[in-house]
Amino acid sequence: MKIINELNEKLKDASTLEVIEFFLNEYKNKIALASSLGAEDQVLTDMILKTDKSTKIFTLDTGRLNPETYDVMDATNLKYSVKLDVYFPKLDAVENLYKTQGVNGHFESIDNRKNCCKIRKIEPLKRALNGLDVWFTGLRSSQSITREEMKLVEWDEAFGLIKVNPLINWSEKDVWDYIKSNNVPYNKLHDNGYPSIGCAPCTRAIKDGEDIRAGRWWWENPEHKECGLHKK
Ligand code: SF4
């Protein structure tokens, strides 16, 4: 797509902060950060709120999050004097999910797992992105084999808007150096072996040497390990 190529070309030498400033300027009120409250998204939250505090930052409360995730949500609201937007799944859809799949039916098949992600994440995400032109994500290309082909700016076919990955070239060390030097609130599960944090039943700590996405949907093959929020 022409505009995507042009944006990638224009920003190819820009710093992360310059990328953020450019999009916040160009797409004011039509842009948001979708935050999982994980380390990368906390870096972006800090950079975005220091640039323009009125920017929409939202998270999805699937109803299956860890207590530590609510703690970092609270700490973030307090530190920056904001209230992150929270989107919840539709009540009738969750009630029906329980009736058809039970509490943990997502372990029984990939279809069940995708159905749970669709109800608890994808539908609320669609509502959150409705009316926007651009969304920021905290994806890094070195996070998994499903993300190696990412670009800084992409057209998000699934949701019909521009997707920007400002941390695309950051290493895990870059993320943690930024968090520590800027005193950014972070999810304490990261201290206990969780590099990537999602819903409680579908996330676990990893061992030394394991891929950093190995703790997400560990019972599935790597090529299936996205929930539909990000196709890459
Ligand atoms: S990550 Fe697990 S619990 Fe969360 S929505 Fe997906 S299948 Fe359901």
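First things first, this report covers the structure right here in the doc. Residue numbers restart at each chain and count upward from 1, following the sequence in its written direction. Since the coordinates come from a predicted model, pLDDT governs what is reported: local features require at least 70, and pairs of side-chain atoms require 80 or more to be given and counted, while whole-chain, interface and lining totals use all residues. Heavy atoms throughout the structure, all of them, feed into the side-chain values; hydrogens and water do not.

Before going further, it helps to examine the site of the ligand. If a single non-hydrogen atom of a residue is within 4 Å of a molecule or strand, that residue counts as near it. Taken together, Arg64, His106, Arg113, Cys116, Cys117, Arg120, Lys121, Cys199, Pro201, Cys202 and Trp217 make up all the residues around the ligand. Among the residues making up the shell around the ligand, the classes are represented as 6 nonpolar, 1 polar and 4 charged. Each residue gets one of three labels, nonpolar for Ala, Val, Leu, Ile, Met, Phe, Trp, Tyr, Cys and Pro, charged for Asp, Glu, Lys and Arg, and polar for the others, Gly among them.

Let us now look at the pairing of strand 5 (residues 153-156). Of the strand pairs in this sheet, strand 5 and strand 6 (residues 161-164) are connected by 4 bridges, and their pairing is antiparallel. Bridging across to strand 6, glutamate 154 finds its partner in lysine 163. If DSSP finds at least two bridges between two strands, the strands pair. Starting at the N terminus, helices and strands are each numbered in turn, a helix being any DSSP run of H or I of at least four residues and a strand any DSSP run of E of at least two. Connecting strand 5 to the antiparallel partner strand 6 that follows it, the hairpin turn spans 4 residues, and glycine 160 within it adopts a positive phi of roughly 70°.

To continue, consider the nonpolar core. Residues Phe23, Val43, Ile48, Phe136, Ile162 and Val164 are the most contacted members of the largest nonpolar core, which totals 40 residues. With 6 residues, the top contributor of residues to this core is helix 3 (residues 39-51). Two residues form a contact once any of their heavy atoms are found within 4.5 Å. Apart from residues lying up to four places away in sequence, isoleucine 48 is in contact with Ile20, Leu24, Leu33, Lys53, Thr55, Ile57 and Phe136. In this text, buried Ala, Val, Leu, Ile, Met, Phe, Trp, Tyr and Cys residues form a nonpolar core when linked through side-chain atoms within 4.5 Å. Here's how the labels work: a residue is buried when its accessible area is under 20% of the maximum for its type, exposed when over 50%, partly exposed in between, all with a 1.4 Å probe on protein chains only. The next biggest cluster of nonpolar side chains, apart from the first, holds 13 residues, and it includes Ala32, Ala34, Phe58 and Leu132.

The periodicity of an α-helix, 3.6 residues per turn, causes residues three or four places apart in sequence to face the same way. Every buried residue of helix 2 (residues 16-26) is listed here: Thr16, Val19, Ile20, Phe22, Phe23 and Leu24. Where helix 2 is buried, its residues contact helix 1 (2-10), strand 1 (31-34), helix 3, strand 4 (134-136), strand 5 and strand 6.

The subject of this paragraph is the pairing of strand 6. Judged from the 3 bridges that link them, strand 4 and strand 6 form a sheet pairing that is parallel. Residue phenylalanine 136 lies in a different strand from strand 6, and its bridge partner there is valine 164.

For this analysis, a ring pair means two rings from Phe, Tyr or Trp (six-membered ring only for Trp) whose centres lie within 6.5 Å, classed as stacked if their planes differ by under 30 degrees, edge-to-face if by over 60, and tilted for the remaining angles. Tallying each qualifying case throughout the model produces 7 aromatic pairs. With 6.4 Å between their ring centres and 85° between their planes, phenylalanine 23 and phenylalanine 136 make a pair best called edge-to-face. Residue phenylalanine 23 is located in helix 2, and its partner phenylalanine 136 is located in strand 4; the two are separated by 113 residues in the primary sequence. Classification of phenylalanine 23 as buried rests on a relative accessible area of 0%. Judged by centre distance (5.7 Å) and plane angle (80°), the rings of phenylalanine 58 and tyrosine 87 are edge-to-face.

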